[in-house]
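Take a look at the letters that make up each chain.
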Amino acid sequence: MNRTRIHLGLRTVKTALAVTLALAAAELTHSTMPIFSAIGAISAMSRTLGDALTACLTQLAGCVCGCVVGFLFLTLFPNMGPARIGVGIVLVILLGIRLKIHFAIPLSCIVFVCICLNENGGPLFYAASRFLDTSLGLIIALAVNMLIKPYNNREQIGNLITHVVQAFPDYLHDRVLLGHYPDLTPLRRGLKKLDEELQLYERQTFPNRKCRQQVAVYLRGCQQLAVRMFDELNALCLMDSPGAPDEEAVKRLEKIGISDENTLKIPESGRREEDIVLDYHLKNLLDAYGYLSEMNAASTAEILEDQTAGEK
């Protein structure tokens, strides 16, 4: 019987903690609707601190939008009916689209409806209370995200780059040594995943933003070398004829463990057009491979050094 493993991630724990603290803070401030503090805490718990900050600003803008429209409607139309609330929802949505805060439009609508249905206190006080409740949850979630082990996927990026470096000799073995045309789909997916993780890393701003930016530039250089290697390998796989490497290419292949004297033979009848094309792409690929191997080794050593320092 197959059993599904449930992974309890750190972001799940941080979200639960942020909601707990937000509800406790709402209770201390005697909030009449602590649910808005909880909503704010949930909305701000994004994967990276940069995303969390963006979510906070967006949700605050949405909350203001709902509060303002709700206050105006309740002031102009004290006896709100379903039809007028529906018209107000349309205005809230259009305003949210205009302000480009699409992610916060649901919260804007919720705040608007709550204000319109309010029966306790004046509209201005109620609108201000809902804004403060939501702001409280957003601030608490942002603090939790910032102070409790901020997201850092540098090690995962390093592992992806290492995987690419380790995979290429096998691809070259199949293409150059055996004359086969390997399926590059897994490699293409790995490079896409690498780019996605790099985008996440580039949005991480805490701690030491300047240092992270420098590391991000370095890792982007590694990624560009990996893409260059893929492009050259893809070009080799698009050739109509496999071609044969020259003596220099053979020696370079031997250095990375690709050698078979019974299979890898240099034609005695001179260089053919397909051989020249293969040598061109192979040289570019091996150059990029050498640079990437060196850069990845340095990056891996730095990660291990940081981990050792952290354990101490």
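Nothing here was measured: the structure is a model prediction, and the numbers come from that model.

## Notes on the overall build of the protein chain
Counting secondary structure elements, the protein chain contains eleven helices and zero strands. Along the protein chain, from the amino end to the carboxyl end, the secondary structure elements read α-α-α-α-α-α-α-α-α-α-α. Expressed as a percentage of its 312 residues, the buried residues of the protein chain come to 42%. Surface accessibility of the protein chain: about 17,900 Å² in total, with carbon and sulfur atoms responsible for 60%.

## Looking at a nonpolar patch on the surface
Together, L8, L10, V13, L17, L21, L147 and I148 give the surface a local cluster of nonpolar side chains, amounting to about 620 Å² of exposed area. When residues of the nonpolar patch are assigned to their parent elements, the largest contribution, four residues, is made by helix α1 (residues 10-28). In this structure, L8 sits in the segment before α1.

## Re α1
Along its 19 residues, α1 runs 27 Å from first to last C-alpha, staying within 8% of the 27 Å computed at 1.5 Å per residue. When α1 is considered as a whole, its buried residues turn out to be K14, A18, V19, A22, A25 and A26. One face of α1 carries all of its buried residues, which in axial projection span an arc of 135°. Opposite the packed face of α1, turned more than 90 degrees from it, sit the exposed residues E27 and L28. Buried-residue contacts for α1 involve α2 (35-44) and α6 (123-147).

## Focus: the environment of Q156
Its location among the elements puts Q156 in helix α7 (residues 154-177). Taking the C-alpha atoms as reference, Q156 lies 7.9 Å from E197; in sequence the two are 41 residues apart. Residues in contact with Q156, not counting those within four places in the same chain, are Y151, K193 and E197.

## Overview of the side chain of H281
By the secondary structure assignment, H281 is in helix α11 (residues 273-311). The residues contacting H281, other than those within four sequence positions of it, are E232, A235 and L236.

## Concerning the nonpolar core
Membership of the largest hydrophobic core comes to 39 residues, with the highest contact counts inside it found for I161, F168, L172, L233, L282 and L292. The contacts of L282, once residues within four sequence positions are left out, are L172, V176, L236, P245, A249 and L253. Listed in part, the 20 residues of the second largest apolar core include V69, I85, L107 and C114.

## A look at α6
Given a rise of 1.5 Å per residue, 25 residues ought to cover 36 Å, and the 36 Å separating the end C-alpha atoms of α6 matches this to within 8%. One or two positions beyond α6, positive phi appears at K149, with a value near 40°.

## Things to note about the packing of α2 against α6
Running from N to C, α2 and α6 cross one another at 35°; their axes reach a closest spacing of 7 Å. The crossing of α2 and α6 is right-handed. Facing α2, whose interface residues are F36, S37, G40, A41, S43 and A44, α6 presents R130, D133, T134, L136, G137, L138, A141 and N145. Tallied by class, the residues present in the contact of α2 with α6 amount to six nonpolar, six polar and two charged.

Basis of the calculations
Numbers given for residues are sequential positions, taken from 1 along each chain in its written order. At least 70 in pLDDT is required for a residue's local features to be given in this predicted model, at least 80 for side-chain atom pairs to be given and counted, and no such filter applies to totals for whole chains, interfaces and linings, which use all residues. The side-chain quantities take in all heavy atoms of the structure and omit both hydrogens and water. By the criteria applied, helices consist of DSSP H or I runs no shorter than four residues and strands consist of E runs no shorter than two, each listed in order from the N terminus. Each residue is assigned to one of three classes by its accessible area relative to the maximum for its type, calculated with a 1.4 Å probe on protein chains only: buried under 20%, partly exposed between the two thresholds, exposed over 50%. What sets the accessible areas is the Shrake-Rupley method with a 1.4 Å probe; for residues, cover comes only from the shown protein chains. Exposure above 30% relative accessible area and the lack of any salt bridge qualify a residue for a patch; like charges then connect within 9 Å, and the nonpolar side chains Val, Leu, Ile, Met, Phe, Trp and Tyr within 5 Å. The term salt bridge refers to a side-chain nitrogen of Lys or Arg lying within 4 Å of a carboxyl oxygen of Asp or Glu. What a helix should span is 1.5 Å times the count of its residues minus one. Here the arc refers to the directions that run from the helix axis out to each C-beta atom. It only takes one pair of heavy atoms within 4.5 Å for two residues to be counted as in contact. By nonpolar core we mean a set of buried residues, namely Ala, Val, Leu, Ile, Met, Phe, Trp, Tyr and Cys, connected to one another through side-chain atoms within 4.5 Å. Only the stretch in contact is used when fitting a helix axis, every axis being a line fitted to C-alpha atoms; angles between N-to-C directions are given from 0 to 180 degrees. Crossing handedness follows the turn of the near helix against the far one: under a right angle anticlockwise gives a left-handed crossing, and clockwise gives a right-handed one. Gly counts as polar in this scheme, as do all residues outside two lists: the nonpolar Ala, Val, Leu, Ile, Met, Phe, Trp, Tyr, Cys and Pro, and the charged Asp, Glu, Lys and Arg.

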